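What follows is each chain in one-letter form.
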Amino acid sequence: MTLLPRKRDGHPPAHTPGYKSSVARSPSRALISGPASPTELSGPTFGHELLGKLDNNLVVNFTGQPAIGERIIVHGRVLDEMGRPVPGALVEVWQANAGGRYRHKKDGYLAPLDPNFGGCGRTITADDGSYEFLTVRPGAYPWPNGPNDWRPMHIHFSLFGPSFGQRLITQMYFEGDPLIPRCPIIRTIADPSAIERLVAPLDMNRAMPMDCLAYKFDIVLRGRRQTMFENQMEGM
Amino acid sequence: MVQPLDYLPETPSQTAGPYVHIGCTPNFVGIHGIYAEDLALKPFPAEAPGERITVTGSVIDGTGTVLRDVLVETWQPGADGRFGPGAQGFCRMPSSLETGEWVLETVKPGAVGPNAPYIALWIVARGINIGLQTRMYFEGDDLSSDPLLTRLEHQNRIPTLVAKKTGDGTYRFDIRLQGEGETIFLDM
């Protein structure tokens, strides 16, 4: 089994001066490619016994009382580059509250904390690769980068597929947010079609009448390839 | 015209940002009550066989400043060179919010195939646009036939992948993101 090589032009490069934090934190030498070993190809597995009942319900998982904000379902499938579903993937999310404030001592934004919103959730994908969360739509917020930079509404996603070499952290954005093209972090990605793949469309098929709207966000992990020709005897 | 190659492109990476702890180690930043405990605090149970080691490290930026908001994940086989079961061998370490140090208490991994024993690392933080992959080998081990290390053009950079022995069962491993002594990062 091998992992498909990562196509780096669909990702942000390390050094992106428009996002100032990257300047001193980006490697300047070339990445080294070599033969992956079973360590990069394997990875931990997480069972459903890890999960609490409300782990994927950010509306109530902090105190049991509902958080303030626009109720939304965020759902989708985790696939690999071959288009195959990835079952058993650990999906962890974190986000600001509806006012754009994180529950973190380093966030001093004016918007208040919501006493009933913690800001994290997790789930494990089903056999068809599907996952879903119930949450509130996060607010946009200002951040220290340029003189007046704002993050669009977003949810952070951490993905753990079967291989440690597939590890991925990304961010989901919301259809129609005018801050998307202005965001220096989004603009670290040069390819406009790659940016579009981070924007979740409104999904009225999953919205629940008189309850919540829904957004659909599919995620693709690096492909894992195994063919009979890769298992042939040495020298054949 | 030809048939389309209808593979899917990998979802683009975005930085983990300054609040990665909220999602990955919420209890570490005082968000209690959602998960009973943070994921993968220890890679192995106390009774796991093998030599117990402690690795202390930090991640340092191009100005020489230690990162205090970095998250380091490690994945390794047990002392017998086998993986698992379950999540055994996986550890998630937020660096200290005060000192930037992280501490990995684990068992020394066994060799896998022709590779010298090593632990795989994945590093994310604010300012890191795509998670950085690297490896940690161990001072004192025979590294002379490791398939990755032997093919490196710049052999003088190998020490950046080797944890220094500081005592009986203790090692030090500092990761330099940029500049002099820059750690080798991998794309594999």
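This text goes with the structure placed above it.
The numbering scheme is per chain: residues are counted from 1 as the chain's sequence reads. The lettering of chains begins at A and the numbering of ligands begins at 1, in the order of writing. Side-chain atom pairs in this predicted model are given and counted only at pLDDT of 80 or more, local residue features only at pLDDT of at least 70, and totals for whole chains, interfaces and linings cover all residues. The basis for the side-chain values is all heavy atoms of the structure; hydrogens and waters are excluded.

J.: What is the right way to look at empty space enclosed by the protein in this model?
T.: In this approach, a probe sized like a water molecule rolls over the atoms, and the result shows the empty space that is left. Grid points spaced at 1 Å over the protein atoms alone were grouped into cavities, where a 1.4 Å probe fits but cannot get out, and pockets, open sets with protein on both sides within 12 Å along at least five of seven lines, with lining residues defined by an atom within 4 Å of a point. Grid points are joined across faces, edges and corners, and a volume is the space filled by probe spheres set on the points. What the rule picks out here adds up to two cavities of 30 Å³ or more. In this structure, the largest cavity occupies an estimated 60 Å³ of space. As for the largest cavity, its lining consists of E40, F164 and G165 of chain A together with A120, L121, W122, Q133, T134, L186 and M188 of chain B. Among the elements of the structure, β5 (119-124) and β6 (132-138) of chain B are those that each provide at least two residues to the lining of the largest cavity. Only DSSP runs of H or I with at least four residues qualify as helices, and only runs of E with at least two residues qualify as strands; both kinds are numbered from the N terminus onward. The dominant element in the lining of the largest cavity, judged by the number of residues it contributes, is β5 of chain B, at three residues. Grouping the amino acids of the lining of the largest cavity by side-chain chemistry returns six nonpolar, three polar and one charged. All amino acids are sorted into three groups, where Ala, Val, Leu, Ile, Met, Phe, Trp, Tyr, Cys and Pro are nonpolar, Asp, Glu, Lys and Arg are charged, and the leftover types, Gly among them, are polar.

J.: Looking at this structure, I do not really get the packing of aromatic side chains. What am I missing?
T.: Between two aromatic rings, the relevant description is the distance of the centres plus the angle of the planes. Working definition: rings of Phe, Tyr and Trp (its six-membered ring) pair if their centres are within 6.5 Å, and the pair is stacked with planes under 30 degrees apart, edge-to-face with planes over 60 apart, and tilted otherwise. Tallied over the entire structure, the rule returns 15 aromatic pairs over all chains. On the basis of an interplanar angle of 85 degrees and a centroid distance of 6.4 Å, the ring pair of F133 of chain A and F157 of chain A is categorised as edge-to-face. Taken together, the residues span a long stretch of sequence, with F133 of chain A in strand β5 (residues 130-136) and F157 of chain A in strand β8 (residues 154-160) at a distance of 24 residues. Both residues of the pair, F133 of chain A and F157 of chain A, belong to the buried class. Taken together, a centroid distance of 6.3 Å and an interplanar angle of 40 degrees make the contact between F160 of chain A and F164 of chain A tilted. Summarising the burial analysis for this pair, F160 of chain A and F164 of chain A share the class buried. Clustering of aromatic rings is evident, with ring pairs tying together F46, F160 and F164 of chain A together with F90 of chain B. A positively charged side chain is recorded as over a ring if its NZ (Lys) or CZ (Arg) lies within 6 Å of the ring centre. The angle to the ring normal must also be within 35 degrees. In this arrangement the basic side chain of R122 of chain A is found over the ring face of Y35 of chain B, its NZ or CZ atom lying 3.7 Å from the centre. R137 of chain A extends its terminal NZ or CZ atom over the ring of F174 of chain A, reaching a point 5.4 Å from the ring centre. Each residue is assigned to one of three classes by its accessible area relative to the maximum for its type, calculated with a 1.4 Å probe on protein chains only: buried under 20%, partly exposed between the two thresholds, exposed over 50%.

J.: What am I meant to see in the side chain of E182 of chain B here?
T.: Here E182 of chain B shows up in the segment after β8 (170-176). Charge counting follows a simple rule: Lys and Arg are positive, Asp and Glu are negative, and His as well as the terminal groups are ignored. Only one rule defines a salt bridge in this text: a Lys or Arg side-chain nitrogen within 4 Å of an Asp or Glu carboxyl oxygen. For the buried residue E182 of chain B, which engages in no salt bridge, the nearest side chain bearing the opposite charge is R157 of chain B, 4.3 Å off. At 2.7 Å, the side chain of E182 of chain B and the side chain of S28 of chain A are in polar contact. Under this definition, polar contacts are N or O atom pairs within 3.5 Å; protein pairs additionally need one hydrogen-donor-capable and one acceptor-capable atom, and for neighbouring residues in sequence, both atoms have to be side-chain atoms.

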